[in-house]
Each structure stands twice: as C-alpha cells, then as structure tokens.
Amino acid sequence: MDSSAPAKSYVRHPERLCGGNRVELLVGGERAYAEMLSASAGAHRSVYLTTYILHSDATGRRFGDALRERARAGLDVRLMFDAVGSYDSVEDEFLDELARDGVRVHIYHPILPARRRLLGKLQDLHARYELARGRKPRPPSPFAPDFWGFHRRNHQKILVVDSAVAFTGGMNIGDDYTDRVEQGVRVEGWHDLQ
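Residues numbered from 1 in each chain as written. Predicted model: local features only at pLDDT ≥ 70, side-chain atom pairs only at ≥ 80, totals over all residues. Heavy atoms only, no water.

**Details of the packing of helix H2 (residues 29-41) against helix H3 (residues 58-72)**
Packed helix pairs are characterised by how far apart their axes lie and by the angle those axes make with each other. Stated formally: An axis is simply a line fitted to the C-alpha atoms; with a helix, the fit covers only the stretch in contact. Between two such axes, the angle follows the N-to-C directions and lies from 0 to 180 degrees. The secondary structure listing takes helices from DSSP runs of H or I that are at least 4 residues long and strands from runs of E that are at least 2 residues long, numbered from the N terminus. Note on angle classes: values under 35 degrees are labelled roughly parallel, values over 145 roughly antiparallel, values of 65 to 115 roughly perpendicular, and the remainder oblique. Left-handed is the label given to a crossing in which the near helix is rotated counterclockwise from the far helix by less than a right angle, and right-handed is the label when the rotation is clockwise. Here a residue-residue contact requires only that any non-hydrogen atoms of the pair lie within 4.5 Å.
Remark: H2 packs on H3, axes separated minimally by 9 Å, with the N-to-C direction vectors making an angle of 10 degrees. The orientation of H2 with respect to H3, classified from their angle, is roughly parallel. In this structure, H2 meets H3 at a crossing whose hand is left-handed. Between H2 and H3, the residues in contact are Glu30, Tyr33, Met36, Leu37, Ser40 and Ala41 and Thr59, Arg62, Phe63, Ala66 and Arg70, respectively.

Here it is in structure tokens:
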C-alpha cells in the first residue's frame, strides 16, 4: 500500500510529483536564516530571492553580503522585493552595492506619483462618460484594482538555490525575525515559520 496515498489526495496533479524530496520546518529567524545563508553560500549556479519586506539592517546586510559574494563568484543572483512592503526600509546605498557586485535587483511595482494623477484623470473621464449617458457615476471602490500598483503587491517569501533547494514561508528579511538586544533590552524576534 502506498503510504503517500492520503497526501496525494490534496494534490491537483499527483502525476507531476517526483520522489527524493524532503521538507523541513524551520522555526524562528535565527535557524531559518542560518539555513538560508548556508544554502546560498553553497550555491554553484544561481540564487534567487524574493521577499515582501527587505530591510537594510544587520540581517538584511547579512543576506546582501551573501548575495554579493555569490554574484562576484559569477553566479546568476537575483533579488526582488516589494516596493510597498519595503517602503523606507531599504537604503539606496545598500541596493547600489548589490547592483555594483552583479546582483540583479528588481523592485516589484514601484509607486509612481504620475500614475496616481493618471488614475484620477481616468476616474474623472469615466464619471463624465456615465453622466453623458444619464447614469449616476459610482465612486471608485477603495478595493478596486488600481493602475499604479498600490494594491498589487508581492507577498511571496521565497529563496531558490541552484533550482534544487527552496525555502518558503512567512519570514521576510530583517532583524524583526531574530532575537536581539536593543538598548540593553533583550527583544524576541517574531515567531514565524519557513
């Protein structure tokens, strides 16, 4: 009897599954970050990291240093972070260092003020269109998709190394997920899983 039969019932296309894989639950930033950084250091071809929140604090710099080192070694290294999730938490100098050393940096859906003006203009044009046809225009929904990307965010937290090792879960990249001492007081990191 196949011991994985009950698990396969949760998979849409079980024929696509392949054997020889394992899953390990990593609890807490220190353990998860150590495993992620170790896997990155052992990469031979590629390191791809995407995250919602990226800080250029001590933890962010540890990851930045690891990415830069692999890029300098000639690997394909890419970093993508969300513009809203990482708003005002990533220093330009930090990103410049990454890019200078060969890391391909992508900011997911940057917020552009010009697009906000365009959205307002489009909403005004639509309201005039409705009025010209004798219909009362509806106010724009605050939850409607917008054209400048504020509500279109990337909440993924994924690290893929050499297309062979992957990490995913709830941890962003920053000191908030690690135990640390701030102003002489021990602060516990957020409890999360990877």
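Past the structure itself, the notes keep going.
**What about helix H4 (residues 92-100)?**
Counted only if it meets this: Here's how the labels work: a residue is buried when its accessible area is under 20% of the maximum for its type, exposed when over 50%, partly exposed in between, all with a 1.4 Å probe on protein chains only. The directions from the helix axis to the C-beta atoms are what the arc is built from.
Along H4, the residues classified as buried are Phe94, Leu95, Glu97 and Leu98. End-on view of H4: buried residues confined to an arc of 155 degrees, all on one side of the axis. Exposed side of H4, more than 90 degrees from the buried face: Asp92, Glu93 and Arg100 are the residues found there. One or two positions beyond H4, positive phi appears at Gly102, with a value near 105 degrees.

**Observations regarding the sheet that holds strand E2 (residues 76-82)**
Put simply, the rule is: DSSP calls a pair of strands paired once it identifies at least 2 bridges connecting them.
Judged by pairing direction, the sheet is mixed, and its five strands sit side by side in the order E3-E2-E1-E4-E5 without closing on themselves. The sheet is open, and its two borders are formed by strand E3 (104-108) and strand E5 (165-168), each paired with just one other strand. In this sheet, adjacent strand axes meet at a mean angle of 5 degrees when their direction is disregarded.

**Overview of the environment of Asn21**
With respect to the secondary-structure elements, Asn21 resides in the loop between helix H1 (5-8) and H2. Under the relative-accessibility criterion, Asn21 is labelled exposed at 60%. Each C-alpha atom, one on Asn21 and one on Val165, is 9.6 Å from the other, the two residues being 144 residues apart in sequence.

**Here we look at the pattern of salt bridges**
As a reminder of what qualifies: When a carboxyl oxygen of Asp or Glu is within 4 Å of a side-chain nitrogen of Lys or Arg, the pair counts as a salt bridge.
In this structure the tally under the stated criterion is 14 salt bridges. Glu97 is the partner of Arg68 in a salt bridge, and the nearest nitrogen-oxygen pair spans 4.0 Å. You can see Arg68 sitting in helix H3 and its partner Glu97 sitting in helix H4, a full 29 residues away along the chain. Residues Asp101 and Arg68 are paired through a salt bridge, measuring 2.7 Å at the closest nitrogen-oxygen approach. Taken together, the positions of Asp101 in the loop between H4 and E3 and Arg68 in helix H3 put the pair 33 residues apart, joining distant regions of the chain. Salt bridges sharing partners connect three or more residues here, namely Arg61, Asp65, Arg68, Arg72, Glu91, Glu97 and Asp101.

**Description of the packing of aromatic side chains**
Under the convention used in this document: Each Phe, Tyr or Trp ring (for Trp, its six-membered ring) is paired with any other whose centre lies within 6.5 Å, and the angle between the two planes then decides the class: stacked below 30 degrees, edge-to-face above 60, tilted in between.
Under the defined criterion, the tally for this structure stands at two aromatic pairs. For the pair Tyr33 and Phe63, a centre-to-centre distance of 5.3 Å together with 80 degrees between the ring planes defines the contact as edge-to-face. Taken as a pair, Tyr33 in helix H2 and Phe63 in helix H3 lie far apart in primary sequence, 30 residues in all. Of the two residues, Tyr33 and Phe63, neither departs from the other in class, the shared state being buried. Centroid distance Tyr177 to Trp190: 5.1 Å. Interplanar angle 75 degrees. Geometry classified as edge-to-face. With a gap of 13 residues between them, Tyr177 in the loop between E5 and strand E6 (180-182) and Trp190 in the segment after strand E7 (185-187) connect regions that are remote in the sequence. Accessibility expressed as a relative area gives 7% for Tyr177, which makes it buried.

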